[in-house]
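Given next are the chains, with one letter for each unit.
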2 protein chains.
Amino acid sequence: MINRAHGGNAQFFLDTNALKLIDFSVNINPLGLPRKVKEIISENIDNLLCYPEPESAYLKKDLADFYNISHRNLLAGNGSIEFIHMVPRALKAKRALIITPTFSEYEFAVKANGARPVFVQSLESNNFKINISRIKKLIPGINLIFLCNPNNPTGMLVPPEEILALTGLCKRYGVVLLIDEVFIDFVESSEKLTLLGESIRNKSLLVLRSLTKFFALPGLRLGCLIGQRDLIGKLARFQYPWNVNALAQAAGREVLKDRDYMRNSKEFMFKERRYLFDNLKRIRGLKVYPPSANFILCNLKDADAGNARILAKKLIKHGIIIRNCDNFRGLNDKFFRVAIKSRKENVRLVSSLRKVLG
Amino acid sequence: MINRAHGGNAQFFLDTNALKLIDFSVNINPLGLPRKVKEIISENIDNLLCYPEPESAYLKKDLADFYNISHRNLLAGNGSIEFIHMVPRALKAKRALIITPTFSEYEFAVKANGARPVFVQSLESNNFKINISRIKKLIPGINLIFLCNPNNPTGMLVPPEEILALTGLCKRYGVVLLIDEVFIDFVESSEKLTLLGESIRNKSLLVLRSLTKFFALPGLRLGCLIGQRDLIGKLARFQYPWNVNALAQAAGREVLKDRDYMRNSKEFMFKERRYLFDNLKRIRGLKVYPPSANFILCNLKDADAGNARILAKKLIKHGIIIRNCDNFRGLNDKFFRVAIKSRKENVRLVSSLRKVLG
C-alpha cells in the first residue's frame with residue numbers, strides 16, 4: 001500500500017510555534033498572492049450568501065478568452081484533482097497507463113474508479129526520460145494515459161512532437177491521452193510546449209491546467225480541463241453543479257488579468273531555477289536532475305547521509321521542510337524534492353544542505 | 001429531458017441593475033452570515049498560499065464534537081451535492097429509488113453513474129405524503145434510496161419511526177437509505193426528527209447534512225455525510241484530497257461555535273414560517289402546503305392566473321423572484337416554491353402575490 005501523503009502539509013503536522021519553517025515540500029509560486037486577490041476576496045465575502053454560478057459560466061468564458069479557445073472546449077473544476085478522478089470514471093476506463101515516477105493521485109483515481117493501472121517505469125539510469133516505445137506497445141490494451149508534463153517530481157519534459165507521435169495510435173485504439181500540464185506555466189517557452197491548442201481539435205487529447213499553483217492560491221481550489229468540444233460536453237455530465245466555490249471563481253477571473261504578475265513570476269522562476277540548480281549540483285554526494293518547472297528532484301545515492309527521511313529530519317532542525325519522495329512508485333528512499341523559492345530561502349536551503357551532508 | 005435549472009441564479013441571468021430584486025427562489029437562512037465569518041475569512045486570505053488540510057481533519061473533528069459522534073462517522077464534502085453524486089458511485093448502485101417530487105440532482109447523479117432511477121411518486125391528492133408501502137415493495141429490487149427529509153420542494157417530513165420501519169427491510173436486502181437532511185436545521189424539534197444518531201450504528205443508513213444553507217454560506221460549499229464507521233471508511237476512498245477549500249474549512253469550524261446564531265435563526269424561522277404560511281393561505285386561488293423548513297410550496301391550481309412561469313414573469317416586475325417548479329418530476333406548471341425570508345420581505349411577497357393573483 002502506497003502512502004497517500006502529499007507535500008505541503010507542514011502547517012498541520014508540525015509544531016510551527018517552535019521555529020519559523022520554510023516549506024520546500026510544496027510547489028507554489030514564491031511570489032505569493034497576485035496583487036488584487038485579497039481585495040477581490042474581501043469584496044466577495046458578502047456574496048457568499050448566494051450560490052456560486054453553477055457551472056462557472058463567467059469564469060469559463062474568461063479562461064477561454066485567456067487560452068484563446070471557446071468556452072465549449074473547457075471545464076472548470078474544484079482543483080485539477082477533480083478531473084484526475086473524474087476522467088477515468090467518465091471514460092469508463094478499464095486499464096489506464098501511468099508513467100512512473102509521477103503524481104501519486106493518478107493511481108488512486110484509477111483504482112477508486114475500479115480500473116487497473118498499467119505502469120511504465122521511467123528509469124533513473126536514463127534520467128527518467130519516458131519510454132515512448134514501451135507506451136506505444138501497450139496502447140492497444142488500454143483506454144487512458146496519464147502523462148504529467150512537466151513531470152512531478154522528476155521535472156522531465158516531453159517535447160510536443162513526441163506526444164503527437166503517440167496520438168495517432170491513441171486515435172486508432174480509442175485511447176485518451178490526458179496531459180497534466182499543471183506545472184507548465186513555470187516552464188520557459190511554455191507556449192511552444194503545451195498541447196492546449198492541439199487538444200481542442202483532437203479527441204484523443206485532454207489537457208489539464210491549474211490556476212492555483214502559478215497564482216499561489218492552492219487553498220481556494222481551481223483547475224480546468226481543455227479538449228475537443230464533444231468530448232468536453234460528454235465529460236461535463238460527470239460534474240456536479242456549484243463545484244467551484246464563489247471565491248475561487250471570483251479570484252480566478254481576477255488573476256487572469258494580471259499580466260505583470262505572470263511576467264514577473266516567469267522571470268523570477270527562470271532566474272531562481274538556474275541559481276538553485278547550479279548550487280545544488282555543487283553539493284558533494286547529491287545527484288540533481290535538471291528542473292523545468294518550479295521544483296527540483298534530488299538523489300542522495302552517493303551520499304553517506306543515509307536516506308531522505310533521515311535528511312528531512314535533520315533539515316527540520318534547520319527550519320527546512322523537504323518532500324521525501326520514498327512514497328513515489330518508482331523512486332526509493334534516496335530521493336527528495338524541493339520547491340524553488342525566493343533567493344533568500346534558496347540560499348538558506350543550499351547552506352543547510354551543505355551543513356547536513358558535508 | 002428535465003431542465004437542470006435550480007433556484008438561486010438570479011444574480012447571473014437577470015439585469016439586477018434595473019431593480020432591487022428579492023430572491024425567494026433560493027432557500028438560505030435570511031439572517032445572513034454568522035457574526036465572525038467575515039473576520040475569519042479575512043484572516044485566512046493569506047493562508048490561501050497553503051493547501052487546505054487534505055481530508056478536512058480538523059473540521060471533521062469539530063463537526064464530530066458538534067454532532068456528538070466520532071470523526072470516523074463523518075466525511076466533509078464540497079457541498080452536500082458531492083455526496084449525492086458520490087454515494088451511488090461508491091455503492092455501485094444499479095437501481096436507485098427516488099421519491100418524487102424532490103431535489104432533481106438525485107436523478108442526475110444516479111444517471112451519471114450509470115444506474116437506473118426507480119421513481120415512487122408522492123401524490124398531490126395525498127398532500128405529497130410518501131408512499132411507504134410502495135417503497136417497501138420495491139426494496140428487494142434496488143440498491144439505494146434517496147429520501148429528502150424534510151423534502152424539497154414539498155416540505156413533507158417523514159417521522160423517524162416510519163423511516164426506521166424501512167431500515168429492517170433495507171438491511172435484509174443490502175439497500176442503503178440516504179436521508180438528505182440538508183434542511184432539517186430549520187425544522188422545529190429537529191433533534192427528535194433526525195436519524196443522525198441512528199445512522200452511526202446502522203449500516204443501512206446514511207445522513208447528509210449541509211452547513212451552507214443554515215449558516216447562509218452557499219458560496220463557500222460545505223456539506224457532510226454521517227454514517228456507520230466501516231461504511232464511511234469505504235466511502236472515503238471515493239473522495240479526492242483537498243476537496244473542501246481552506247476558507248470553507250475555516251468558516252465551518254467557526255460557525256459551529258455560534259450558538260446564538262443557531263438559536264436566533266430557529267426562533268426567527270419558526271415565527272416567519274407561521275406568518276408567511278398563514279398569509280399565503282389567505283390568498284384566493286392559492287393552495288399552500290404546510291411548510292416544515294425554510295420554504296413553502298404553492299399551487300395555482302384554482303387560480304385563473306395561468307401557470308407559475310407566467311406568475312414568475314409578473315412577479316419580476318414587482319421585484320420578486322420565485323422558484324417555478326415545472327421542472328420538478330411529479331409537479332406541473334402550476335407549482336412554485338418560495339423561501340421564507342425576513343418579515344419585511346415576506347410582507348412584500350404576500351402583497352405582490354395578492355396584486356398579481358387578485
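This is a predicted model, so every value here is computed, not measured.

Enquirer: Just checking my understanding: could you explain the pairing of strand β4 (residues 116–121) of chain A for this structure?
Expert: Two faces make up the sheet, and in a regular strand the side chains alternate between them. Residue and element names in this part refer to chain A. Note that strand β3 (residues 95–100) and β4 share six bridges and pair parallel. Across the sheet, residue Ile 99 finds its bridge partner in β4, namely Val 120. In this fold, the crossover linking β3 to β4 by way of helix α5 (residues 105–112) has right-handed handedness.

Enquirer: Can you help me understand the sheet that holds β4(A) in this one?
Expert: Note: strands within a sheet are paired through backbone hydrogen bonds, in either parallel or antiparallel orientation. Residues and elements named next belong to chain A. Pairing within the open sheet is mixed, and its seven strands lie in the order β2-β8-β7-β6-β5-β3-β4. Looking at strand neighbours, the two that pair on one side only are β2 (74–77) and β4, the edges of this open sheet. Between one strand axis and the next, the sheet turns through 20° on average, direction left out of account. Relative to strand β7 (residues 205–210), strand β6 (residues 176–180) runs parallel, the two sharing four bridges. Paired with Leu 177 across the strands is Leu 205, a residue of β7. Sheet strands in contact with helix α3 (residues 57–67) are β2, β7 and β8 (223–227), and its direction is about 125° off that of β2.

Enquirer: So what exactly am I meant to see when it comes to unusual backbone geometry here?
Expert: It is generally the case that most residues other than glycine have a negative phi and that most peptide bonds are trans. Residue Asn152(A) is joined to Pro153(A) through a cis peptide bond whose omega torsion reads 15°. Note that Pro153(A) resides in the loop between β5 (144–148) and α7 (160–172). A cis geometry characterises the amide bond from Asn149(B) onward to Pro150(B), with omega recorded as 0°. Residue position: Pro150(B) is located in the loop between β5 (144–148) and α7 (160–172). A positive phi is found at Ser56(B), a non-glycine position, where the angle reads about 55°.

Enquirer: What exactly am I supposed to notice about the interface of chain B and chain A here?
Expert: How big an interface is tends to be stated in terms of the accessible area lost upon association of its parts. Listed as interface residues are 49 residues of chain B and, on the opposing side, 49 residues of chain A. Buried area between chain B and chain A, summed over both chains or domains, comes out near 4,400 Å², and the portion from carbon and sulfur atoms is 63%. The tally of links between chain B and chain A comes to two salt bridges. When the shortest N-O distance is used, the salt bridge between Lys38(B) and Asp46(A) registers 2.8 Å. Between chain B and chain A we count 16 residue pairs in polar contact (both at pLDDT 80 or more) in total.

Enquirer: Would you explain the side chain of Asp180(B) in this entry?
Expert: All names here are of chain B. Tracing the backbone shows Asp 180 in strand β6 (residues 176–180). Side chain to side chain, Asp 180 and Tyr 106 meet in a polar contact 2.6 Å long. When near neighbours in sequence (up to four residues on either side) are disregarded, Asp 180 contacts Ile 84, Tyr 106, Leu 147, Cys 148, Asn 149 and Leu 208.

Enquirer: Please explain the state of the cysteines as it appears in this structure.
Expert: Linking two cysteines covalently via their sulfur atoms produces the bond known as a disulfide. Residues and elements named next belong to chain A. On inspection of all chains with the given rule, the structure shows zero disulfides over all chains. Free cysteine: Cys 148, not disulfide-bonded; nearest cysteine sulfur from Cys 325 at 13 Å. You can call Cys 148 buried: its relative accessible area is 4%. For Cys 325, a relative accessible area of 0% gives the class buried.

Enquirer: Would you mind going over a positive patch on the surface with me for this structure?
Expert: All names here are of chain A. Taken together, the side chains of Lys 92, Lys 94, Lys 234 and Arg 237 present a region of like positive charge at the surface. Mapping Arg 237 onto the fold places it in the loop between α10 (229–236) and α11 (246–255). Residue Arg 237 is classed as exposed on the basis of its relative accessible area, which comes to 55%.

Enquirer: Explanation requested: α5(A) in the structure shown.
Expert: Because each turn of an α-helix spans 3.6 residues, side chains separated by three or four positions end up pointing in the same direction. Residues and elements named next belong to chain A. Here α5 lies mainly inside the structure; seven of its eight residues are buried. For α5, the full list of buried residues reads Glu 105, Tyr 106, Glu 107, Phe 108, Ala 109, Val 110 and Ala 112. Against the buried residues of α5 lie α4 (81–90), β3, β4, β5 and β6. Within two residues after α5, Gly 114 carries a phi angle of roughly 75°, on the positive side.

Enquirer: Sorry if this is basic, but what is going on with the relation of the copies chain B and chain A here?
Expert: Mapping one chain copy onto the other needs a rotation about an axis and a shift along that axis. Note on the copies: chain B fits chain A at an RMSD of 0.0 Å, the axial shift is 0.0 Å, and the rotation between them is 180°. Such values leave the two copies arranged in the relation of a two-fold axis. Using C-alpha coordinates, one finds that chain B approaches the rotation axis most closely at Ser42(B), a distance of 3.3 Å.

Enquirer: Teacher, can you tell me more about the pattern of salt bridges here?
Expert: Opposite charge on two side chains allows them to pair when their charged atoms are near. Following the criterion strictly, the structure yields 38 salt bridges over all chains and no others. Of the charged contacts, one joins Arg209(B) and Asp185(B) as a salt bridge, the two residues approaching to 3.6 Å between their closest N and O atoms. Residue Arg209(B) is located in strand β7 (residues 205–210), and its partner Asp185(B) is located in the loop between β6 and α8 (190–193); the two are separated by 24 residues in the primary sequence. The pair formed by Arg209(B) and Asp185(B) is uniform in burial state, with each residue classed as buried. A single network of salt bridges, built from pairs that share partners, joins Glu107(A), Lys111(A) and Arg329(A).

Enquirer: Looking at this structure, how should I read helix α3 (residues 57–67) of chain B?
Expert: Residue and element names in this part refer to chain B. Buried within α3 we find Leu 59, Lys 60, Leu 63, Ala 64 and Tyr 67. Buried residues in α3, looked at end-on, bunch into an arc of 135°, giving them a common side. Check the buried side of α3 and you find it contacts β2 (74–77), α9 (196–199), β7, β8 (223–227) and α11 (246–255). Following α3 by one or two positions, Asn 68 has its phi on the positive side, about 60°.

Enquirer: Explain the environment of Val158(A) to me, please; I cannot follow it from the model alone.
Expert: Residues and elements named next belong to chain A. In this fold, Val 158 is placed in the loop between β5 and α7. Taking C-alpha positions, Val 158 is 7.7 Å from Ile 130, a pair spaced 28 residues apart along the chain. Other than its neighbours up to four places away in sequence, Val 158 contacts Ile 130, Leu 147, Asn 149 and Ile 163.

Enquirer: Looking at this model, I keep getting lost on the packing of α3(B) against α11(B). Mind explaining?
Expert: All names here are of chain B. The geometry of α3 relative to α11 is characterised by a closest axis approach of 9 Å and an angle of 25° between their N-to-C directions. As far as their axial angle goes, α11 and α3 are roughly parallel. Note that α3 runs across α11; the crossing there is left-handed. Contacts between α3 and α11 pair Tyr 58, Leu 59 and Asp 62 from the former with Gln 249, Gly 252 and Arg 253 from the latter. Of the residues belonging to the contact of α3 with α11, the class tally is two nonpolar, two polar and two charged.

Enquirer: How should I be thinking about the packing of aromatic side chains in this particular structure?
Expert: To describe a pair of aromatic rings, you give the distance between the ring centres and the angle between the ring planes. This model, assessed by the stated rule, comprises 24 aromatic pairs over all chains. Taking 5.0 Å as the distance between ring centres and 75° as the angle between the ring planes, the aromatic pair formed by Phe183(A) and Phe295(A) counts as edge-to-face. Separated by 112 residues along the polypeptide, Phe183(A) in the loop between β6 and α8 (190–193) and Phe295(A) in strand β10 (residues 295–299) bring together distant segments of the chain. Accessibility classification places Phe183(A) together with Phe295(A) in one group, the buried group. Measuring from centroid to centroid gives 5.3 Å for Phe214(A) and Phe215(A), while their planes differ by 85°, and the two rings are edge-to-face. A relative accessible area of 3% means that Phe215(A) is categorised as buried. Taken together, the ring pairs connect Phe186(A), Phe214(A), Phe215(A) and Tyr261(A) into an aromatic cluster. Just above the ring of Phe119(A) sits the side chain of Arg329(A); from NZ or CZ to the centre is 4.1 Å. The ring of Phe24(B) carries the charged tip of Lys341(B) above its face, separated from the ring centre by 5.8 Å.

What counts, and where the lines are drawn
Residues numbered from 1 in each chain as written. Chains lettered and ligands numbered in written order. Predicted model: local features only at pLDDT ≥ 70, side-chain atom pairs only at ≥ 80, totals over all residues. Heavy atoms only, no water. Pairing = 2+ DSSP bridges. Helix = DSSP H or I, 4+ residues; strand = E, 2+ residues; numbered from the N terminus. Right-handed = clockwise from strand over helix to strand, strands pointing away. Axes fitted to C-alpha atoms, helices over the stretch in contact; angles between N-to-C directions. Contact = heavy atoms within 4.5 Å. Buried area = accessible area lost by both parts, 1.4 Å probe. Salt bridge = Lys/Arg side-chain N within 4 Å of Asp/Glu carboxyl O. Polar contact = N/O pair within 3.5 Å; in protein donor to acceptor, adjacent residues only side chain to side chain. Disulfide = S-S within 2.5 Å. Buried < 20%, exposed > 50% of the residue type's maximum accessible area, 1.4 Å probe, protein only. Patch = residues over 30% accessible without salt bridge, like charges linked within 9 Å, V, L, I, M, F, W, Y side chains within 5 Å. Areas by Shrake-Rupley, 256 points an atom, 1.4 Å probe, with all protein chains shown as cover. Lys, Arg positive; Asp, Glu negative; His and termini not counted. Charge placed at Lys NZ, Arg CZ, Asp CG, Glu CD. Least-squares fit on C-alpha atoms with pLDDT ≥ 70 in both. Arc of directions from axis to C-beta. Parallel < 35°, antiparallel > 145°, perpendicular 65-115°, else oblique. Left-handed = near helix turned anticlockwise from the far one by under 90°. Nonpolar A, V, L, I, M, F, W, Y, C, P; charged D, E, K, R; others polar. Phe/Tyr/Trp six-rings, centres within 6.5 Å; stacked < 30°, edge-to-face > 60°. Lys NZ or Arg CZ within 6 Å of the ring centre and 35° of its normal.

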